[in-house]
Amino acid sequence: MSVASSPAALAWNAGGHRVVAMIAWEALDTSTRWAAAKLLRAHPDFLQWQERSRDADADLTAFLEASTWPDDIRRDKRFYTAGLEAPTPTLAGFPDMERRLDWHYVDLPVGSAVGKAGTDGELDRQLVELADTVGNRQASTAARAYALPWLLHLVGDAHQPLHTASRAQPDGRSDNGGNEQPVVNPFDQRHPSTNLHRYWDDLPAPPWLRGSRLESAVRALNQGFRPPLVAGVSAQWIEESRQLARDQAYPPGRDEVPTIDSQFHENALALARQRMIDAGYRLADLLHRLLGGK
């Protein structure tokens, strides 16, 4: 997935990332919540997050808004895209203003793409490095506060199958995580013509999901799906997603523009919702290990 194609690759949409963050927040113990909130209060965009939400709980607001921040900055003119735009002035509290689009994915080839191309994207490496920074009490508060929203977000990205894999198109080119695979989705009457990657991004929740509706959605997920049996580490999450991309993320058949049918859609919805649960509980486990008692 090249930088030029990655702006469309948002992984789960904003609502999906808030769902993951809310699942994690509810699973955190008090000391880990406090440690995470303390770091997020040191983030330079903390006050912007408060202005965006009407929730009275400032710490929960910051946690939820931070989970979407790495996608939000794609539209923020303070930031720039390396290789496409000139660097913008570095503001207080930031290491620089780069959007880091290649952190959101890793393209592991599946199907006929195996062996045809090298791996693109930084998701696998950055999950490890960001966790090291967040959990390092010797690192500066600014570095840890910058790393934490990225970690909240990328744990969610790692559980979206098409953020970890790409398949070869008939002409041999990568489909860039399904971004280059057009599909017809009759279950979305407003935007039936889309691509496979965006189809998966929008499965878990509408992007506007907040407040009491977010709480209700998380409650329903917890009632309908079980937490993961194994917390694991980021490399395992990515490999799970790669296998799911290989086996379940693509509609059957060889149509150039496949139409999503009801069976595929029902299976995809169930899979996406389970991945939300997996990501949320695994994020909570990771934060307990990095911040618990600190």
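Attention in this report is confined to the structure presented alongside it. (Residues numbered from 1 in each chain as written. Predicted model: local features only at pLDDT ≥ 70, side-chain atom pairs only at ≥ 80, totals over all residues. Heavy atoms only, no water.)

## Some thoughts on the overall build of the protein chain
Here comes step 1: For the protein chain, the count of helices and strands is ten helices and four strands.
Here comes step 2: Counted from the first residue to the last, the protein chain has its helices and strands arranged as α-α-α-α-β-α-α-β-β-β-α-α-α-α.
Here comes step 3: Against the 2.2 N^0.38 benchmark of 19 Å for 294 residues, the protein chain shows a C-alpha radius of gyration of 18 Å, consistent with a compact globule.
Here comes step 4: Over its C-alpha atoms, taken along the principal directions, the protein chain stretches across nearly 50 × 45 × 35 Å.
Here comes step 5: Here the protein chain holds 294 residues, and 51% of them are scored as buried.
Here comes step 6: For the protein chain, the proportion of contacts with a sequence separation of at least 24, taken over those separated by at least 6, is 72%.
Here comes step 7: Averaging the locations of the 32 positively and 38 negatively charged side chains of the protein chain gives two centres separated by 3 Å. (Helix = DSSP H or I, 4+ residues; strand = E, 2+ residues; numbered from the N terminus. Rg over C-alpha atoms; globule rule 2.2 N^0.38 Å. Buried < 20%, exposed > 50% of the residue type's maximum accessible area, 1.4 Å probe, protein only. Contact = heavy atoms within 4.5 Å. Lys, Arg positive; Asp, Glu negative; His and termini not counted. Charge placed at Lys NZ, Arg CZ, Asp CG, Glu CD.)

## As for the environment of R242
Here comes step 1: Of note, R242 is situated in helix 9 (residues 234–247).
Here comes step 2: Considered as a pair, R242 and H159 are 83 residues apart in the sequence and their alpha carbons are 9.3 Å apart.
Here comes step 3: Sequence-distant contacts of R242, that is, excluding residues within four places in its chain, are made with L108, P109, V110, T164 and A165.

## Here we look at the packing of helix 1 (residues 14–27) against helix 10 (residues 262–291)
Two packed helices can be described by the angle between their axes and the distance between those axes.
Here comes step 1: Two elements in contact, helix 1 and helix 10, have axes separated by 8 Å at closest approach and are oriented at 50°. By the angle between their axes, helix 1 is oblique relative to helix 10. By crossing handedness, the relation of helix 1 to helix 10 is classed as right-handed. Contact residues: helix 1 offers G16, V19, V20, I23, A24 and A27, while helix 10 offers M276, I277, A279, G280, Y281, L283, A284 and H288.
Here comes step 2: The residue makeup of the contact of helix 1 with helix 10, split by class, is eleven nonpolar, three polar and no charged. (Axes fitted to C-alpha atoms, helices over the stretch in contact; angles between N-to-C directions. Parallel < 35°, antiparallel > 145°, perpendicular 65-115°, else oblique. Left-handed = near helix turned anticlockwise from the far one by under 90°. Nonpolar A, V, L, I, M, F, W, Y, C, P; charged D, E, K, R; others polar.)

## Thoughts on the packing of helix 5 (residues 123–134) against helix 6 (residues 141–158)
Here comes step 1: Axis separation between helix 5 and helix 6 bottoms out at 9 Å; the angle between their running directions is 140°. Relative to helix 6, the element helix 5 lies oblique. When you trace helix 5 past helix 6, the crossing you get is left-handed. Here L123, Q126, L127, L130, A131, T133 and V134 of helix 5 come into contact with helix 6, specifically with A143, R144, A147, L148, W150, L151, L154, V155, D157 and A158.
Here comes step 2: Looking at the contact of helix 5 with helix 6, its residues break down into 13 nonpolar, two polar and two charged.

## A closer look at the packing of aromatic side chains
Here comes step 1: Per the stated rule, a full pass over the model turns up nine aromatic pairs.
Here comes step 2: Considering the side-chain rings of W69 and F79, the 5.9 Å spacing of their centres and the 80° angle between planes classify their relative orientation as edge-to-face. Of the two residues, W69 is situated in helix 4 (residues 58–72) and F79 in the loop between helix 4 and strand 1 (108–110); the sequence distance between them amounts to ten residues. As far as burial versus exposure is concerned, W69 and F79 are alike and both buried. (Phe/Tyr/Trp six-rings, centres within 6.5 Å; stacked < 30°, edge-to-face > 60°.)

## Overview of the side chain of Q181
Here comes step 1: Tracing the chain through its elements places Q181 in the loop between strand 2 (165–167) and strand 3 (182–184).
Here comes step 2: Within the local environment of Q181, its side chain forms a polar contact with the backbone oxygen of E256, the two atoms lying 3.2 Å apart.
Here comes step 3: Excluding anything up to four places from it in sequence, Q181 contacts D175, T194, N195, L196, E256 and P258. (Polar contact = N/O pair within 3.5 Å; in protein donor to acceptor, adjacent residues only side chain to side chain.)

## A look at the pattern of salt bridges
Here comes step 1: Tallied over the full model, the rule gives 17 salt bridges.
Here comes step 2: With a shortest N-O distance of 2.6 Å, D96 and R100 are connected by a salt bridge.
Here comes step 3: The exposure class assigned to D96 is partly exposed, which follows from its relative accessible area of 22%.
Here comes step 4: Notably, a salt bridge pairs E240 with R275, separated by 2.7 Å at the nearest N-O pair. Residue E240 is located in helix 9, and its partner R275 is located in helix 10; the two are separated by 35 residues in the primary sequence.
Here comes step 5: Owing to a relative accessible area of 29%, E240 belongs among the partly exposed residues under this scheme.
Here comes step 6: Overlapping salt bridges, with partners in common, bring together R52, E65, D72, R75 and R210 in one network. (Salt bridge = Lys/Arg side-chain N within 4 Å of Asp/Glu carboxyl O.)

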